[in-house]
Amino acid sequence: MIREWSEEALDHRNALLYAMGVSEEDAKRPVIGIVNAWNEMNPGHFGFRDCIQEIKDEIYRQGGLPRELPVTGVCDGICSNTEGDRYTLPSRDLVSSEVETVAQLNRLDGMILLASCDKVVPGMLMGIMRCNIPSVMLTGGYMLPGNVHGEMITLTHTKQAYAAWQEGKISREEYKEIVRNACPTPGICPFMGTANTMCALAEVLGFSPNGNASVRAQSKEWKSMARIAAGRIVELVQKEIRPLDLLTEASFRNVIRYVMATGGSTNTLLHLPAIAAQAGFSVTPELFDILSRETPLISTIYPNHPTNTMVEFAEAGGLSAVLLELHKAGKLEETRGMFGTMKDKLQTAVNKNQKVIHRADNPINVQGGIAVLHGNIGTTSAVLKFSAVDPSVLVFRGKARIYNSQDDGWKALLRNEISPGDVVVIRYEGPKGSPGMPHLETFMAAVLGMGLGTKVALITDGRFSGATGGIAIGPVTPEAYEGGNLALLQDGDEITVDVQARKLTVKVTEEEFAERRKKFVPVHKPATGWLELFRQNVSSAHEGATIFRKL
């Protein structure tokens with residue numbers, strides 16, 4: 001049995017179930033929680049209302065008692081470039097606590113968890129690890145890309161268009177047309193951003209049905225997966241198969257290899273270590289870099305590719321086709337998940353378009369899409385998604401322009417105070433310094449919209465949207481608030497970014513840093529309630545930026 005009950009405690013619970021119409025016979029069934037992050041402020045989660053009844057019906061048909069339990073499900077894009085964005089990363093830890101609470105308080109025998117977006121999927125996975133009861137996930141599928149005058153657009157193009165409008169390159173009406181058409185359907189933004197990367201993470205770890213990370217939202221195929229997941233969770237409960245019975249270090253290595261092969265989001269370096277820690281494993285930035293050096297980049301969609309989106313990726317075979325090519329090259333390890341083994345998954349995998357998903361012996365790049373840099377700025381680590389960087393600027397040198405918030409840097413950019421060749425430093429946006437660690441998508445989207453993608457670099461202790469392109473380095477650790485060398489940089493310092501050498505350095509001696517440190521006073525941004533509690537307890541971004549350090 002998953003849960004042990006005394007007769008008195010079980011009867012006490014059942015009395016309350018009877019109040020909601022549950023029969024005495026049905027109360028004997030295993031209780032399957034449908035942990036649902038659906039809400040009307042998140043297009044990535046909006047489609048779950050279309051399948052919830054089918055999930056309930058299938059669970060009941062298989063012998064379980066389905067009970068729906070709502071949890072937080074934020075969309076990062078809703079609050080982008082506002083104070084609300086400080087809450088998005090902390091919401092991941094909040095979701096993990098909600099999952100743990102509803103599972104343990106209600107003594108669930110198993111869970112099917114419904115989520116799609118950047119912080120909700122990893123938050124649910126963290127909660128799954130801590131509860132360690134039979135659990136599966138269903139992710140929501142991708143939205144269709146937008147289209148304006150025959151050109152593919154996505155949500156991130158709205159920010160680029162805003163900067164182009166401010167520059168006078170397009171009209172206000174052209175800008176508004178892009179806004180109106182960027183997101184034509186519910187679903188996850190159809191680029192290789194954090195949401196699609198996290199859905200892939202869930203599938204590679206074995207928590208979601210085969211193909212779930214590469215399916216269109218609200219499609220017949222997606223609804224079929226909902227029924228598959230619903231039936232599977234009852235089977236797992238009956239067999240008492242728990243997540244920590246199956247996961248190994250190899251499970252997490254395979255996730256990293258997949259992310260490297262597809263140019264996935266740098267936010268994986270925040271989320272995967274936090275998830276792994278809840279399962280008792282250690283995942284470090286150094287492991288990411290080791291696996292990046294030996295894993296080829298074999299598939300790119302926007303922002304790593306100018307026009308391909310999740311539509312083309314799915315048509316080519318999607319996630320399983322990427323895993324198949326890695327397997328053929330000996331780059332994948334055999335693992336087990338809630339839906340079977342890696343070998344099981346690969347049996348139905350087909351690469352239908354080798355121009356979209358390359359063979360490993362014909363890669364887009366011989367190394368993976370993310371690099372971890374070191375030097376006297378990020379003395380612990382600094383992260384760069386170099387698959388989204390023009391190859392001509394893998395070495396970039398320039399003079400520092402210092403700002404203590406994204407808003408200051410963004411306004412300076414729009415005022416044309418930042419010039420080609422500048423290395424912009426935006427600091428005090430880390431997990432403690434902000435607090436909350438907002439993403440700096442707005443600044444980099446403006447850089448791209450103004451045609452400066454190869455001419456301006458950004459270094460920050462904040463984080464980026466998975467859709468960010470250009471020379472965007474972050475998070476840098478230690479963060480400025482904790483006295484990292486980022487806090488000691490000054491306007492005019494000469495900075496070098498060398499991706500191939502994995503170096504991020506500034507032409508400042510240790511003696512000069514020591515002198516500057518004597519005058520260091522951190523910028524303290526005000527926060528209350530949950531954000532202040534987060535600041536007091538959060539770990540470094542190098543360790544996953546979480547208040548939950550280990551299992």
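Refer to the preceding data block for the structure.
In short, a report on the structure. Note that this is a predicted model, so its numbers are computed, not measured.

Concerning the sheet that holds strand E11 (residues 395-403)
Item 1. Reading across from one edge, E9-E10-E14-E13-E12-E11-E15-E16 is the order of the eight strands in this open sheet, with mixed pairing throughout. Edge positions in the open sheet fall to strand E9 (371-373) and strand E16 (503-506), since each of these has one partner strand only. Direction aside, the axes of adjacent strands within the sheet are offset by 30° on average.
Item 2. By the bridge criterion, four bridges tie strand E12 (residues 422-426) to strand E13 (residues 457-460) in an arrangement that is parallel. Bridged to Val424 within E13 is Leu458.

Description of empty space enclosed by the protein
Item 1. Per the counting criterion, the structure on display carries four cavities of 30 Å³ or more.
Item 2. In this structure, the largest cavity spans a volume of roughly 70 Å³.
Item 3. Here the residues of the lining of the largest cavity are counted per class, giving three nonpolar, four polar and one charged.
Item 4. In this structure, the second largest cavity is lined by Leu269, Leu270, Pro285, Ser381, Val383, Pro475, Thr477, Ala541 and His542.
Item 5. Looking at the lining of the second largest cavity, the elements that each hand over two or more residues are helix H11 (268-278), strand E10 (381-384) and strand E14 (471-477).

Notes on helix H5 (residues 155-167)
Item 1. Among the residues making up H5, those that are buried are Thr156, His157, Thr158, Lys159, Gln160, Ala161, Ala163 and Ala164.
Item 2. Remark: Gly168 follows H5 within two positions and exhibits a positive phi of approximately 85°.

Considering the sheet that holds strand E3 (residues 110-114)
Item 1. Taken in spatial order, the four strands line up as E2-E1-E3-E4 in an open sheet, and their pairing is parallel. Both outer strands of the open sheet, strand E2 (65-70) and strand E4 (135-138), are each paired with one neighbouring strand and no more. Going across the sheet, the axis of each strand differs from the next one's by a mean of 20°, ignoring polarity.
Item 2. Pairing of E3 with E4 involves four bridges; the strand directions are parallel. Its bridge partner being in E4, Leu114 is matched across the sheet by Leu138.

Side note on the packing of helix H16 (residues 406-414) against helix H17 (residues 441-449)
Item 1. Where H16 meets H17, the axes come as close as 9 Å, and the angle between the chain directions of the two elements is 15°. It follows from the interaxial angle that H16 and H17 lie roughly parallel. The chirality of how H16 crosses H17 is left-handed. Residues Gln406, Gly409, Trp410 and Leu413 of H16 form the contact with H17, whose own contacting residues are Glu441, Thr442, Phe443, Ala446 and Val447.
Item 2. Partitioning the contact of H16 with H17 into residue classes produces five nonpolar, three polar and one charged.

Here's the deal with the packing of aromatic side chains
Item 1. According to the stated counting rule, one finds eight aromatic pairs in the structure shown.
Item 2. Taking 5.6 Å as the distance between ring centres and 70° as the angle between the ring planes, the aromatic pair formed by Tyr162 and Tyr175 counts as edge-to-face. Here Tyr175 lies in helix H6 (residues 172-181) and Tyr162 lies in helix H5, a separation of 13 residues in the sequence.
Item 3. Residue classification places Tyr162 among the partly exposed positions, given a relative accessible area of 25%.
Item 4. Accessibility expressed as a relative area gives 12% for Tyr175, which makes it buried.
Item 5. The ring of Trp5 is capped by Arg13, whose NZ or CZ atom sits 5.1 Å from the centre of that ring.

Some thoughts on the pairing of E13
Item 1. Side chains Ala457 and Ile459 of E13 all project onto a buried face; the interleaved residues Leu458 and Thr460 project onto the opposite face, where all are buried too.
Item 2. Pairing between E13 and E14: three bridges, direction parallel. Counted as the bridge partner of Leu458 is Ala472 from E14.

A closer look at the nonpolar core
Item 1. Within the largest apolar cluster, 103 residues are counted, with the highest numbers of intra-cluster contacts made by Ile55, Met111, Met124 and Met137.
Item 2. If one sorts the elements of this core by residue count, helix H8 (residues 220-239) sits on top with nine residues.
Item 3. Excluding its chain neighbours within four sequence positions, the residues that come into contact with Ile55 are Ile34, Ile112, Leu114, Leu138, Ala226 and Ala230.
Item 4. Grouped together as the second largest cluster of nonpolar side chains are 29 residues, Phe386, Ala400, Val425 and Leu504 included.

Observations regarding a negative patch on the surface
Item 1. Together, Glu7, Glu8, Asp11 and Glu24 give the surface a local cluster of negative charge.
Item 2. On the secondary structure map, Asp11 appears in helix H1 (residues 7-18).

A word on the environment of Ser465
Item 1. Within the secondary structure, Ser465 is located in the loop between E13 and E14.
Item 2. On the basis of relative accessible area, Ser465 is assigned to the buried category, the value being 12%.
Item 3. For Ser465 and Phe443, which are 22 residues apart along the polypeptide, the C-alpha to C-alpha distance reads 11 Å.
Item 4. Other than its neighbours up to four places away in sequence, Ser465 contacts Thr194, Asn267, His439 and Glu441.

Considerations on unusual backbone geometry
Item 1. Of the consecutive residues Ser434 and Pro435, the connecting peptide bond is found in the cis state with omega at -20°.
Item 2. Of note, Pro435 is situated in the loop between E12 and H17.
Item 3. With an omega of 5°, the peptide bond between Gly474 and Pro475 qualifies as cis.
Item 4. Of note, Pro475 is situated in strand E14.
Item 5. Look at Asn416: it is not a glycine, yet its phi comes out positive at around 60°.
Item 6. Looking at where Asn416 falls in the secondary structure, it is placed in the loop between H16 and E12.

Conventions adopted
Residue indices follow the written sequence of each chain, beginning from 1 at its first position. Reporting in this predicted model follows two pLDDT cut-offs: at least 70 for local features of residues, and 80 or more for side-chain atom pairs to be given and counted; totals over whole chains, interfaces and linings ignore these cut-offs and use all residues. Each side-chain value is derived from all of the structure's non-hydrogen atoms; neither hydrogens nor water enter the calculation. When DSSP finds two or more bridges between two strands, those strands count as paired. Secondary structure elements are defined from DSSP: runs of H or I of at least 4 residues count as helices, runs of E of at least 2 residues count as strands, and each element is numbered from the N terminus. For helices, the fitted axis covers only the stretch in contact; all axes are lines through C-alpha atoms, and the angles between them, taken along N-to-C directions, range from 0 to 180 degrees. Using a 1 Å grid laid over the protein atoms alone, points where a 1.4 Å probe fits but cannot get out form a cavity; open sets with protein on both sides within 12 Å along at least 5 of 7 lines form a pocket; any residue with an atom within 4 Å of a point counts as lining. Grid points are joined across faces, edges and corners, and a volume is the space filled by probe spheres set on the points. Residue type decides the class: Asp, Glu, Lys and Arg count as charged, Ala, Val, Leu, Ile, Met, Phe, Trp, Tyr, Cys and Pro as nonpolar, and the leftover types, Gly among them, as polar. A 1.4 Å probe rolled over the protein chains alone gives each residue an accessible area, and that area as a share of the maximum for its type sets the label: buried under 20%, exposed over 50%, partly exposed in between. For classification purposes, angles smaller than 35 degrees are called roughly parallel, those larger than 145 roughly antiparallel, those between 65 and 115 roughly perpendicular, and all remaining angles oblique. Note on convention: near helix rotated counterclockwise from far helix by under a right angle means a left-handed crossing. Clockwise means right-handed. In this analysis, two residues are considered to be in contact whenever any of their non-hydrogen atoms come within 4.5 Å of each other. Centres within 6.5 Å are what make two rings of Phe, Tyr or Trp a pair, Trp counting through its six-membered ring; a difference in plane orientation under 30 degrees is then read as stacked, over 60 as edge-to-face, and the rest as tilted. Sitting over a ring, as applied to charges here, requires NZ of Lys or CZ of Arg to be within 6 Å of the ring centre and within 35 degrees of the ring normal. Here, nonpolar core means buried Ala, Val, Leu, Ile, Met, Phe, Trp, Tyr and Cys residues that are tied together by side-chain atoms lying within 4.5 Å of each other. For patches, a residue must show more than 30% relative accessible area and have no salt bridge; joins then use 9 Å for like charges and 5 Å for nonpolar side chains, namely Val, Leu, Ile, Met, Phe, Trp and Tyr. Residue exposure ignores everything except the shown protein chains as possible cover, and the areas themselves are Shrake-Rupley values with a 1.4 Å probe. The rule for a salt bridge is simple: a side-chain nitrogen of Lys or Arg has to be within 4 Å of a carboxyl oxygen of Asp or Glu. When charges are counted, Lys and Arg are positive and Asp and Glu negative, with His and the chain ends excluded. One atom stands in for each charge, and that atom is NZ of Lys, CZ of Arg, CG of Asp or CD of Glu.

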